[in-house]
Amino acid sequence: MTFYDLAIIGSGSGNSLITPFWDNRKVAIIDGGTFGGTCLNTGCIPTKMYAYPAQLASAVKEAAGLGVDMALEQVHWPRMRDRIFGRIDAISDGGRRYRDEELDNVSLYAEYARFTGPKTLVTASGATIEAEQIVIAAGSRAVLPDVPGIDLPQVHTSDSVMRLPELPGRVLIVGGGFVAAEFAAVFSSFGSQVIQINRSAPLLKSADALVSERFTAAAASRWDVRLGWTLAAVEEAGGGVKATIRGADGGQETVDADIVLVATGRVTNADTLDIPAAGYDLEADGRIAVDAWQRVQRNGAPVDGVYALGDVSNAYQLKHVANHEARVVAHNLEHPDNLRRSDHRFVPSAVFTQPQIASVGLTEEQARQDAELKGSDVVTAVQEYGTTAYGWAMEDRTGFVKLIADRRSGMLLGAHIMGHEASLLIQPLIQAMSFGLDVPSMARGQYWIHPALMEVVENALLALGIEAPAGAATAS
Ligand SMILES: Cc1cc2nc3c(=O)[nH]c(=O)nc-3n(C[C@H](O)[C@H](O)[C@H](O)COP(=O)(O)OP(=O)(O)OC[C@H]3O[C@@H](n4cnc5c(N)ncnc54)[C@H](O)[C@@H]3O)c2cc1C
Ligand SMILES: NC(=O)c1ccc[n+]([C@@H]2O[C@H](COP(=O)([O-])OP(=O)(O)OC[C@H]3O[C@@H](n4cnc5c(N)ncnc54)[C@H](O)[C@@H]3O)[C@@H](O)[C@H]2O)c1
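Just so we're clear, the structure is a prediction, and the values are computed from it rather than from any experiment.

Okay, the overall build of the protein chain next. Of regular secondary structure, the protein chain possesses 14 helices and 23 strands. Against the 2.2 N^0.38 benchmark of 23 Å for 476 residues, the protein chain shows a C-alpha radius of gyration of 24 Å, consistent with a compact globule. Each of the three principal axes of the protein chain carries a C-alpha extent, and together these read 70 × 70 × 45 Å. Looking at the protein chain residue by residue over its 476 residues, the buried ones come to 50%. Of all intrachain contacts in the protein chain linking residues separated by at least 6 positions in sequence, the fraction that spans at least 24 positions is 63%. Surface summary for the protein chain: the accessible area is close to 21,900 Å², and the carbon and sulfur share equals 51%.

Moving on to the domain arrangement of the protein chain. According to the domain assignment, the protein chain consists of domain 1 (2–141 + 267–334), domain 2 (155–264) and domain 3 (355–463). Of note, the centres of domain 1 and domain 2, computed from C-alpha atoms alone, are 27 Å apart. Across the contact, 19 residues belong to domain 1 and 17 residues belong to domain 2. Of the roughly 1,500 Å² buried at the junction of domain 1 and domain 2 (both faces included), carbon and sulfur atoms supply 65%. Inspection of the domain 1/domain 2 interface yields two salt bridges. R163 is the partner of D89 in a salt bridge, and the nearest nitrogen-oxygen pair spans 2.8 Å. Viewed at the interface, domain 2 and domain 1 are joined by seven residue pairs in polar contact (both at pLDDT 80 or more).

Below, the discussion takes up the site of ligand 2. In the vicinity of ligand 2 there are 23 residues, among which V179, E182, G265, Q317 and A350 approach most closely. In the environment of ligand 2, an oxygen atom lies 3.2 Å from a nitrogen or oxygen atom belonging to the side chain of N198. Backbone polar atom of Q317 to an oxygen atom of ligand 2: 2.7 Å apart, as the coordinates give it. Alone, ligand 2 offers 850 Å² of accessible surface; in the complex the protein occludes 81% of this. Mapped by element, the contributors of at least two residues to the shell around ligand 2 are α5 (178–189) and β12 (229–237).

At their nearest, the axes of helix α2 (residues 44–64) and α5 sit 8 Å apart, and the two run at 45° to each other. Regarding the angle of α2 to α5, the classification is oblique. Crossing handedness for the pair α2 and α5: left-handed. Residues T47, K48, Y50, A51, A54, A57 and S58 of α2 form the contact with α5, whose participating residues are E182, F183, A185, V186 and S189. For the contact of α2 with α5, the residue count by class is seven nonpolar, three polar and two charged.

Tallied over the entire structure, the rule returns one disulfide. Across a sulfur-sulfur distance of 2.3 Å, C39 and C44 are joined as a disulfide pair. Taking the torsion about the S-S bond as the criterion, the C39 to C44 disulfide, at about -135°, is left-handed. For C44, a relative accessible area of 28% corresponds to the partly exposed category.

Strand pairs in the sheet, formed through backbone hydrogen bonds, run parallel or antiparallel to each other. Spatially, five strands are ordered β8-β15-β9-β10-β11 in an open sheet, and the strand pairing comes out parallel. A single partner strand is all that each edge strand has here, and the edge strands are β8 (155–156) and β11 (224–227). As judged from the four bridges shared by strand β9 (residues 170–174) and strand β15 (residues 259–262), these two strands associate in the parallel manner. Each bridged residue has a counterpart across the sheet, and for L172 the counterpart in β15 is V260.

Cut-offs and rules
Residues numbered from 1 in each chain as written. Chains lettered and ligands numbered in written order. Predicted model: local features only at pLDDT ≥ 70, side-chain atom pairs only at ≥ 80, totals over all residues. Heavy atoms only, no water. Helix = DSSP H or I, 4+ residues; strand = E, 2+ residues; numbered from the N terminus. Rg over C-alpha atoms; globule rule 2.2 N^0.38 Å. Buried < 20%, exposed > 50% of the residue type's maximum accessible area, 1.4 Å probe, protein only. Contact = heavy atoms within 4.5 Å. Areas by Shrake-Rupley, 256 points an atom, 1.4 Å probe, with all protein chains shown as cover. Domains from an automatic or database assignment. Buried area = accessible area lost by both parts, 1.4 Å probe. Salt bridge = Lys/Arg side-chain N within 4 Å of Asp/Glu carboxyl O. Polar contact = N/O pair within 3.5 Å; in protein donor to acceptor, adjacent residues only side chain to side chain. Near = heavy atom within 4 Å. Axes fitted to C-alpha atoms, helices over the stretch in contact; angles between N-to-C directions. Parallel < 35°, antiparallel > 145°, perpendicular 65-115°, else oblique. Left-handed = near helix turned anticlockwise from the far one by under 90°. Nonpolar A, V, L, I, M, F, W, Y, C, P; charged D, E, K, R; others polar. Disulfide = S-S within 2.5 Å. Pairing = 2+ DSSP bridges.

Shown next as structure tokens:
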């Protein structure tokens, strides 16, 4: 048994915990997958490195509507893939070598591990580890439906699809969430024929209803969207596959495709860790139970010196949330007598699909349910990109900002944006919510650059119709 001051399971967000504080202490970092975790290797970063060229490729169609004829001559998938992974693989490899070879106090175990007791672990090769403090940052993995043919090499998840040797001509995408939306936009922009099937209607069903409805329509105008269908079976046909899909009414159809991309959700990796051997609590869906200080729980009470963070324990499954929790855990490991809490009040998200989507706070439905309980008054406004000068410049017909606010306090409750650079436009709204800036102060307490697209946010704030208190300062 080797003893460590700190053992970290997972080298994604977990890797950032090894601060200079640990320079003279013994640390073990354990990861059986690719060093650097999901976001770097198979998640946020490579997907966005495909999403950006996809945006450029799709500009050809937009330009035609503005009197600029361009042609999409060729998409060099192998060149794109090699550029993306040439950069990413080097970062992953550099990080691994730094931990493994350059830091005397850090031991890297490049293998999977599981608990044998509350503070003891065994790795796949049988190495045993005991640590004073432990952080579980083991992430999540893609769920695969249990259907015949799911193991065929033509069936991919986000883990493998970005490394395809060639751009596939026909892609069947299963699922209607973030992953499906992003890849459908990428492949269709590059000229692949995309069929997206989703069990439920509409797409992005956890978004505000107006976003789901409008995104489903926008997606259907770009690629073939079929709602109320699931994957029933896949069989090899030629070099590709014949997929059988089943409709909500029990009817079946077949779809020919070169590849199938399964994007039907992700589950915590907690089940790989033998948590019962440690005696820690699990949430009903299998996530590791933590309190607001990210402390792992046993029988409802925190376990001293054991923390969890990221996808293994939170339901957000977002990198900026894992990063935030990692900063909290890094502090708490170093200051056990002065613990910090995580702040999950205003967690934003963005889907880098086409059109882009960004969101923070409550949906209208959630806000109205909440208001009914509290007896408060909810007000909403929807402002189309096309009502602003920049929207005219873009000839935009789909983009919009939807705001939800509490009339009495003047505070924003939720913001939902669909359209060009939604992930940028939403940031001042996140800031207002996080720092308690009310709607009238935000709308009229500052200048808004004219004629920037951001005017759509200004106009949405004004459209909420919340009066500024008498005597409030105005800048514009
Ligand atoms: C395709 C895709 C796109 C995404 N895009 C975005 C985005 O744009 N923005 C965003 O905010 N989020 C995005 N996400 C989500 C984001 O990637 C995750 O929320 C984030 O990476 C989770 O970080 P983590 O540190 O919790 O886990 P991970 O980064 O997954 O790290 C966990 C590590 O633990 C290792 N591990 C697992 N089990 C064990 C074990 N038993 N023993 C040892 N090691 C183990 C794994 O090998 C892995 O390396 C995306 C996800 C996917 C799949
Ligand atoms: N931009 C981002 O922040 C980003 C991008 C990608 C992924 N992620 C994270 O990764 C997580 C996983 O994403 P995801 O899209 O895989 O999951 P998801 O949970 O968002 O969506 C899964 C979808 O698949 C559908 N589905 C499930 N089983 C099905 C079946 N058998 N047949 C047809 N449809 C089925 C569901 O109805 C749902 O629409 C997300 O929670 C997200 O937080 C984030």
